[in-house]
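Spelled out, the chains give:
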Protein chains: 2
Amino acid sequence: MALTSYHLPLQAVQFGWSNAREPVLVVPSGAEIHVEVGECSNGQIVPGSTAEAIRTIDFARVDPITGPVFVEGAHAGDVLQVDLLDMKLGPYGWSANYPGEGLLPEDFAEAWLYVWDLTGSRAPFVGGASVPIEPMLGIVGCTPSEPGVHGSIPPRRTGGNMDVKHVGPGSTVYLPVEVEGALLGIGDPHAAQGDGEVGGSGIEASMDVVARLTVRHDMTLTFPEYEVRRPLERASSAAAGYYVTTGIGPDLVENSKAAVRAMIARLVRTRGLEPVEAYELCSVALDLKISEIVDHPNFVVSAFLPNDLFGD
Amino acid sequence: MALTSYHLPLQAVQFGWSNAREPVLVVPSGAEIHVEVGECSNGQIVPGSTAEAIRTIDFARVDPITGPVFVEGAHAGDVLQVDLLDMKLGPYGWSANYPGEGLLPEDFAEAWLYVWDLTGSRAPFVGGASVPIEPMLGIVGCTPSEPGVHGSIPPRRTGGNMDVKHVGPGSTVYLPVEVEGALLGIGDPHAAQGDGEVGGSGIEASMDVVARLTVRHDMTLTFPEYEVRRPLERASSAAAGYYVTTGIGPDLVENSKAAVRAMIARLVRTRGLEPVEAYELCSVALDLKISEIVDHPNFVVSAFLPNDLFGD
């Protein structure tokens, strides 16, 4: 039961993390907050946009963070428990290739944009593919104790842009608190994303989020932890199975690149996708798993693509 | 339909991969092979063994490979398709901490051994935990083209000790062929293993394997690929949910270490396990996922432990 309920509008955003900022909201522990979270371009990309919008995007205004929210009673060394109670997506989303970003910038130098229709339970893509809608929140974090402004793209000890596909409705995130009041921020909603987010974007969308914030004096953490209370796997994926590529060698990033390149090659060959389409489909729907990390000197990364994307 | 059926006994093993070895079996493409695969200590660990058996283990006789099997018509550049039709486990298994091995050798210097009872659908552990039996094959590979003898522990381009938990009954593995006849070897059966195999062993067991071998002239691969045709997730895990730790930073191995250390600390604190017991439970039941690999300079590894291990 929430003690009371609070509302944060779309405009209550900051760029980067700074513990010198004034809170946009002060709430007691146990409060439920209702937040309108904008998509990560902060309005620079809209349904009629083309790849030109990616070429000219202002990165200083990407990944806005709604907040900071000051939670009373939270002190450095505590943990902030964030129960994600509800997530409602806006009607459209987008995915992009930004030159220089993503896991394979050397392979994909051109700006590319796709706008998704999110009004059904699956979002149609090209080549007969469609992606089931599975909302999640890319940014959930507390403000770091270091002075200055810290960019919102890299995640840190206190969380932030963790881009964990399993941080969805019903999940609980536990965040290390480093400053008085925790100074929570949230942002970067996705309608779907694969483990890895290999192309650099999920299905970027706006979202209304309901979350309950609770200060935990009885926990201490080095990095964020979370709980997932819904199945990890869709029934349709379990039924249709997976095609899996691998990368094998001493470096997990290189292994991930090899596995994703192999999957792109397969999608181009078997489904007729353009390479960049295949790459960005992997970004929203392919999962990277570390199969083994102990058989020195070579480790295995597996890249899982569910067959149900193509209605198989 | 198999053209015919072939049998390989427990004794038909080699240590390491070498393309100079005589095949133990020659089969046509399409053949079904029935293989008795020993556990990876090659009989050095038995139900009455103690940690002393780990301290004195002869590593030169660990991870024997059943084979090589010469598949007629397989030439360098082809792909060998291995359909894993059936896996029947022996009645016991074991897990060990070998000093100097695993993801956290600096934390776990002492030899440790646990012998599992595999006669039920779940294998009982300590602290009220039990691990559902989910058989898989750690080693499936073709012989590399390089001359000499190559150790069986690291996996390579041609596969080998990939330790992929999803290579189970109903899965199909596609392996690059580098030498005439492919020279297939299999080994290292597990009754269960987590993605990562973080403690260095799964539930090591013996297994009767039935596989069909098919030469594919119409494929070419850089690394192995595979297909999974069973659910990735148990119904009981989906219902009970997961507790997840993370590691965040620029190095995926360090992130994995941080996430596993956090899970061990939690298991010690909340379940009363000894640290080494928690570590080895993670080895057989915790899954490492790469949550994001694009938010430079910091990537996120998530370590998932299913609550159903404790009957929650």
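Predicted model only: the values in this text are computed from it and were never measured. (Residues numbered from 1 in each chain as written. Chains lettered and ligands numbered in written order. Predicted model: local features only at pLDDT ≥ 70, side-chain atom pairs only at ≥ 80, totals over all residues. Heavy atoms only, no water.)

Q: Lay out unusual backbone geometry in plain terms, naming residues and giving numbers.
A: Going from A:His296 to A:Pro297, the amide bond is cis rather than trans, its omega being 0°. On the secondary structure map, A:Pro297 appears in the loop between strand S17 (287–292) and strand S18 (299–306). Here the residue pair B:Gly67 and B:Pro68 is connected by a cis peptide bond, since its omega of 5° sits within 30 degrees of zero. Tracing the chain through its elements places B:Pro68 in strand S5 (residues 65–71). Positive phi values are uncommon outside glycine, yet A:Glu197 reaches one of about 50°. One can find A:Glu197 in the loop between strand S13 (184–190) and strand S14 (204–216). Residues other than glycine seldom take positive phi values, yet B:Asp188 does so here, at roughly 55°. Relative to the elements of secondary structure, B:Asp188 occurs in strand S13 (residues 184–190). Residue B:Asp188 is classed as buried on the basis of its relative accessible area of 3%. (Helix = DSSP H or I, 4+ residues; strand = E, 2+ residues; numbered from the N terminus. Buried < 20%, exposed > 50% of the residue type's maximum accessible area, 1.4 Å probe, protein only.)

Q: I'd like to hear about the pattern of salt bridges, residue by residue, with values.
A: On inspection of all chains with the given rule, the structure shows 26 salt bridges over all chains. Measuring nitrogen to oxygen at the nearest pair gives 3.7 Å for the salt bridge that ties A:Asp83 to A:Arg212. With a gap of 129 residues between them, A:Asp83 in strand S6 (residues 79–97) and A:Arg212 in strand S14 connect regions that are remote in the sequence. Accessibility expressed as a relative area gives 8% for A:Asp83, which makes it buried. A:Arg212 sits in the partly exposed class, given a relative accessible area of 22%. B:Glu178 is the partner of B:Arg157 in a salt bridge, and the nearest nitrogen-oxygen pair spans 2.7 Å. A residue pair is termed long-range when its members are at least 10 positions apart, and B:Arg157 in the loop between strand S10 (136–141) and strand S11 (159–161) and B:Glu178 in the loop between strand S12 (172–176) and S13 qualify at 21 residues. B:Glu178 gets classed as buried once you look at its relative accessible area, which sits at 17%. (Salt bridge = Lys/Arg side-chain N within 4 Å of Asp/Glu carboxyl O.)

Q: Tell me about helix H3 (residues 252–271) of chain B, residues and numbers included.
A: Compared with an ideal rise of 1.5 Å per residue, which puts 20 residues at 28 Å, H3(B) spans 28 Å between its outermost C-alpha atoms and is within 8% of the ideal. Within the sequence span of H3(B), burial applies to B:Leu252, B:Asn255, B:Ser256, B:Lys257, B:Ala259, B:Val260, B:Met263, B:Ile264 and B:Leu267. Of the surrounding elements, those touching the buried residues of H3(B) are helix H3 (252–271) and S17 of chain A together with strand S16 (242–249), helix H4 (275–285), strand S17 (287–292) and strand S18 (299–306) of chain B. Taking the backbone nitrogen of B:Val253 as reference, a side-chain oxygen 3.0 Å away marks B:Asp251 as the first, capping residue of H3(B). Just downstream of H3(B), B:Gly272 is the residue with a positive phi angle, here 75°. (Expected span 1.5 Å × (residues − 1). Contact = heavy atoms within 4.5 Å. Polar contact = N/O pair within 3.5 Å; in protein donor to acceptor, adjacent residues only side chain to side chain.)

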